[in-house]
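# Chain and residue survey
Listed here are the chains, written in short residue letters.
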Amino acid sequence: MKLLSWNVNGIRAAYKKGFYDWLNKERPDILCIQEIKALSDQIPKSLKNIKEYNLYVNSAKKKGYSGVATFTKREPIDIKRGFNIEKFDDEGRILITEFPSFVLFNIYFPNGKKNYERLKYKLDFYDVFLSYIENIKKKGKNIIVCGDFNTAHKEIDLARPKQNEKNSGFLPIERAWMDSFIKHGYVDTFRYFNKKPNQYSWWDQKTRSRERNVGWRIDYFFVNTDFLPKISKAFILPEIMGSDHCPVGIILDK
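Within any chain, residue numbers begin from 1 and follow the written order of that chain's sequence. pLDDT decides what is reported in this predicted model: residues at 70 or higher carry local features, side-chain atom pairs at 80 or more are listed and counted, and totals for whole chains, interfaces and linings draw on all residues regardless. As a rule here, side-chain values come from all non-hydrogen atoms in the structure, and water together with hydrogens is ignored.

### Some details on the environment of Gly 92
The following threshold applies: The way it works is that DSSP assigns letters per residue, a run of H or I at least four long becomes a helix, a run of E at least two long becomes a strand, and they are numbered from the N terminus. Exposure classes here rest on a 1.4 Å probe applied to the protein chains alone. A residue is buried below 20% of its type maximum, exposed above 50%, and partly exposed in between. Contact criterion: two residues are considered in contact whenever any of their non-hydrogen atoms come within 4.5 Å of each other.
Tracing the chain through its elements places Gly 92 in the loop between α4 (86-89) and β6 (94-99). The buried category is assigned to Gly 92, whose relative accessible area is 0%. Once residues within four sequence positions are removed from consideration, Gly 92 is found in contact with Asn 58, Ser 59, Ala 60, Ser 66, Gly 67 and Val 68.

Shown next as structure tokens:
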């Protein structure tokens, strides 16, 4: 069972860059996309009618901003579009789909670079998210979390760590939260299988950094520790174009 996650930086823009053909060729069992920047009725009709796929969308109230969507071949048992906290749910960052063997969180975590208020919003979102999934895990359910976390965890996860120590996305307080998240019993699946440097999922388009592979790894798949034996592979697909991010994925044994 193949699960992919991709911040598409605008579903309509990605569609024009070959997203439809890529999805039909790749055919993952589940695809989670973030930053769709579209309301449901603005998504191209052909994406809503791909054979074998169900599409679930959570758009932000603000037009052209944020938003997440999940394509899945299997119909979920349950679907939720938020944490029941208005200030977080209004931004369309959360899509939770429950399946028989796991609960899947497709999350577009906030960016804290704009100002202190947005950094605080991001950190508050992190804390509410962790509390929410801990409550799910306590019920005996397995957890898969994927999406754009907007934080590189370790120095190995970005090309220029020293230059970014005072920038949101690599602040000590953000990285400390990632440490705490892992200590609660969640595993960064990519790093479990791959300890190599220069493995990135986002590149700054303004500086054409992708050509030089000066990037950040901020897109992840995490699972709870007990579910880790079910994961046989985790990977990044840097050759896939169409966004400033590239897809990341896992293979889940049935």
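### Things to note about the nonpolar core
Rule in force here: In plain words, nonpolar cores are sets of buried Ala, Val, Leu, Ile, Met, Phe, Trp, Tyr and Cys residues tied together by side-chain atoms within 4.5 Å.
Within the largest apolar cluster, 28 residues are counted, with the highest numbers of intra-cluster contacts made by Phe 105, Ile 107, Phe 129, Val 145, Phe 149 and Phe 181. Those elements that place two or more of their residues in this core are β6, β7 (102-108), α5 (116-138), β8 (143-148), α6 (172-183) and β12 (219-224). Ignoring sequence-local partners within four residues, the contact set of Phe 129 consists of Phe 83, Phe 105, Ile 107, Phe 109, Val 145, Trp 177 and Phe 181. Membership of the second largest hydrophobic core comes to 24 residues, among which are Leu 104, Val 187, Ala 234 and Ile 236.

### Some remarks on α5
To keep things clear, this is the line we draw: To estimate how far a helix should reach, multiply one less than its number of residues by 1.5 Å. Polar contact criterion, stated in full: a pair of N or O atoms within 3.5 Å, where within protein one must be able to donate a hydrogen and the other to accept it, and residues adjacent in sequence count only if both atoms are side-chain atoms.
The first and last C-alpha atoms of α5 sit 33 Å apart over 23 residues, in line with the 33 Å expected at 1.5 Å per residue. Near the N-terminus of α5, the side chain that reaches the backbone nitrogen of Glu 117, with its oxygen 3.2 Å away, is that of Asn 115. Backbone geometry just downstream of α5 places Gly 140 in the positive-phi region, at approximately 90°.

### Concerning unusual backbone geometry
Of note, Arg 27 is a non-glycine position whose phi angle comes to about 50°, a positive value. In this structure, Arg 27 sits in the loop between α2 (19-26) and β2 (30-34). Look at Arg 27 and you get partly exposed, because its relative accessible area is 22%.

### Focus on the confidence of the model for the protein
Rules: pLDDT expresses, on a scale from 0 to 100, how confident the predictor is about each individual residue.
On average, the protein scores 97 in pLDDT, and the residues at 70 or more come to 100%. No element of the protein has a lower mean pLDDT than helix α3 (residues 45-48), at 96, and none a higher one than β12, at 99.

### What to know about the packing of aromatic side chains
Using the following cut-off: Between rings of Phe, Tyr and Trp, where Trp is taken as its six-membered ring, a pair exists when centres lie within 6.5 Å; planes separated by under 30 degrees are stacked, by over 60 edge-to-face, and by other angles tilted. Only when the NZ of Lys or the CZ of Arg is both within 6 Å of the ring centre and within 35 degrees of the ring normal is a charge said to sit over the ring.
Taken as a whole and assessed by the stated rule, the structure comprises 29 aromatic pairs. Relative to Phe 227, the ring of Phe 102 lies with its centre 6.1 Å away and its plane at 45°, an arrangement referred to as tilted. Residue Phe 102 is found in strand β7, and its partner Phe 227 is found in the loop between β12 and β13 (231-236); the two are separated by 125 residues along the sequence. The interplanar angle of 50° and the centroid separation of 6.2 Å between the aromatic rings of Phe 129 and Trp 177 together place this pair among those described as tilted. Of this pair, Phe 129 sits in helix α5 while Trp 177 sits in helix α6, and the two are 48 residues apart along the sequence. When sorted by exposure, Phe 129 lands in the same class as Trp 177, which is buried. The side chain of Lys 62 reaches across the aromatic face of Tyr 65, ending 4.7 Å from its centre. Stacked on the ring of Tyr 121, the Lys or Arg Arg 118 has its end atom at 4.2 Å from the ring centre.

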